[in-house]
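Descriptive analysis of the structure
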Amino acid sequence: MTNHNKLYIQELYMGNKSLPVIDMMEKYAQEHHIPIMEKDGIELLKQLIRLHQPKQILEVGTAIGYSAIQMALTLPNLHITSIEKDENRYNEAIKNVDEAGLSQRIKLVLADASDYLEELDESYDFVFIDAAKGQYQRYFEQIHPCLVTGGLMVIDNVLFKGYVSKEVQDKDRLVKLGEKINRFNKWLIQHQEYDTTILETGDGVALALKR
């Protein structure tokens, strides 16, 4: 997607009405340099939920609760379990979820995702992964047994600011991370149990539908 088209789409979404807590979180994230989904990315996520109509969502990477709250507001009977390892962000997410009146539908878990997923024994019909980029394949493999047939796995940042395509190569650490995400993308596209599509929306979103 060209920058011109991306800016146009972002501006269109700016007119969408939202709760005061959403506006507050967007401002907080900008001021504190906390990454949250871009406008077009979060709108795609919400539309996927409307289309897929899940009942139980697992989110890996809560941050301040922005995407969990946006997802919960999309469907009235949706329940979300969201994992965050950073205690400060977890505490901020608790405040935001309470402010949104969603503490009965969003379960926040303070834990390292890999440790928590290792013991996971619940079933989910929708999964959103937006956490440590270098761990994407591990998270995916851990969650796979708990995703129902026909369930959708959504993974954010799979194009990672141009580092995956090597359009951007100015920082060695991020170049290596881009290479790791590239290996994950190729592995996922070839996975025999999923039909996968990768979109340019946001910072790159992978949609993997379990066969």
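Residues numbered from 1 in each chain as written. Predicted model: local features only at pLDDT ≥ 70, side-chain atom pairs only at ≥ 80, totals over all residues. Heavy atoms only, no water.

1. Quick word on the packing of aromatic side chains
Within the structure shown, the criterion is met by 6 aromatic pairs. Pairing Phe160 with Tyr163 gives two aromatic rings, centres 5.8 Å apart and planes at 35°, and the pair type is tilted. The pair formed by Phe160 and Tyr163 is uniform in burial state, with each residue classed as buried. Chaining the aromatic ring pairs together yields one cluster made of Tyr136, Phe140, Phe184, Trp187 and Tyr194. (Phe/Tyr/Trp six-rings, centres within 6.5 Å; stacked < 30°, edge-to-face > 60°. Buried < 20%, exposed > 50% of the residue type's maximum accessible area, 1.4 Å probe, protein only.)

2. Thoughts on the environment of Pro35
Mapped onto the elements, Pro35 comes out in the loop between helix 2 (20–31) and helix 3 (39–52). Pro35 sits 28 residues away from Ala63 along the chain, and the two C-alpha atoms are 8.0 Å apart. Once residues lying within four places of it in the same chain are set aside, the contact partners of Pro35 are Ala63 and Arg89. (Helix = DSSP H or I, 4+ residues; strand = E, 2+ residues; numbered from the N terminus. Contact = heavy atoms within 4.5 Å.)

3. Some details on a negative patch on the surface
On the surface, a cluster of negative charge is contributed by Asp112, Asp115, Glu118, Glu119, Asp121 and Glu122. Tracing the backbone through its elements, the reader meets Asp115 in helix 6 (residues 113–118). Given a relative accessible area of 53%, Asp115 falls into the exposed group. (Patch = residues over 30% accessible without salt bridge, like charges linked within 9 Å, V, L, I, M, F, W, Y side chains within 5 Å. Areas by Shrake-Rupley, 256 points an atom, 1.4 Å probe, with all protein chains shown as cover. Salt bridge = Lys/Arg side-chain N within 4 Å of Asp/Glu carboxyl O. Lys, Arg positive; Asp, Glu negative; His and termini not counted. Charge placed at Lys NZ, Arg CZ, Asp CG, Glu CD.)

4. With respect to the pattern of salt bridges
In this structure the tally under the stated criterion is 5 salt bridges. With its nearest N and O atoms 3.3 Å apart, the salt bridge here joins Lys46 to Glu43. Separated by 3 residues within a single helix, Lys46 and Glu43 lie in helix 3, roughly one turn from each other. Accessibility assignment for this pair places Lys46 and Glu43 in one class, buried. The partner of Arg211 in a salt bridge is Asp195, with the nearest N and O atoms 2.7 Å apart. Taken together, the positions of Arg211 in the segment after strand 7 (205–210) and Asp195 in strand 6 (residues 194–199) put the pair 16 residues apart, joining distant regions of the chain.

5. Points about the environment of Ile49
Along the chain, Ile49 falls in helix 3. The buried category is assigned to Ile49, whose relative accessible area is 0%. Taking the C-alpha atoms as reference points, Ile49 and Tyr8, 41 residues apart in sequence, are found 24 Å from one another. Dropping the residues within four chain positions of it, Ile49 is found in contact with Pro54, Ile57, Met71, Thr74, Leu75, Leu78 and Phe126.

6. Quick notes on the nonpolar core
Grouped together as the largest cluster of nonpolar side chains are 35 residues, with contacts concentrated most on Leu45, Ile69, Ile106, Phe126 and Val154. For this core, the secondary structure elements donating two or more residues are helix 2, helix 3, helix 4 (66–74), helix 5 (87–99), strand 3 (106–110), strand 4 (124–129), strand 5 (147–156) and strand 7. With sequence-adjacent residues up to four places away left out, Ile69 is seen in contact with Ile22, Met25, Asn96, Val97, Ala100, Leu102 and Ile106. The next biggest cluster of nonpolar side chains, apart from the first, holds 34 residues, and it includes Val127, Ile143, Leu174 and Leu188. (Core = buried A, V, L, I, M, F, W, Y, C linked by side-chain atoms within 4.5 Å.)

7. Focus: the sheet that holds strand 5
What holds strands together in a sheet is hydrogen bonding between their backbones, with the strands either parallel or antiparallel. Ordered by their spatial adjacency, 7 strands build an open sheet running 3-2-1-4-5-7-6, and the pairing between neighbours is mixed. Pairing within the sheet leaves two strands with one partner each, and these edge strands are strand 3 and strand 6. Adjacent strand axes in the sheet meet at a mean angle of 15°, parallel and antiparallel pairs treated alike. Bridge analysis of strand 6 against strand 7 gives 6 bridges, and the strand direction is antiparallel. Bridge pairing links Leu199 to Val205 in strand 7. Strands strand 2 (79–84) and strand 3 of the sheet are contacted by helix 5, whose axis makes an angle of about 165° with strand 3. (Pairing = 2+ DSSP bridges. Axes fitted to C-alpha atoms, helices over the stretch in contact; angles between N-to-C directions.)

8. As for the packing of helix 2 against helix 4
Running from N to C, helix 2 and helix 4 cross one another at 160°; their axes reach a closest spacing of 10 Å. Looking at the two axes, helix 2 sits roughly antiparallel to helix 4. In this structure, helix 2 crosses over helix 4, and the sense of that crossing is left-handed. On helix 4, the residues that touch Ile22, Met25 and Glu26 of helix 2 are Tyr66, Ile69, Gln70 and Leu73. (Parallel < 35°, antiparallel > 145°, perpendicular 65-115°, else oblique. Left-handed = near helix turned anticlockwise from the far one by under 90°.)

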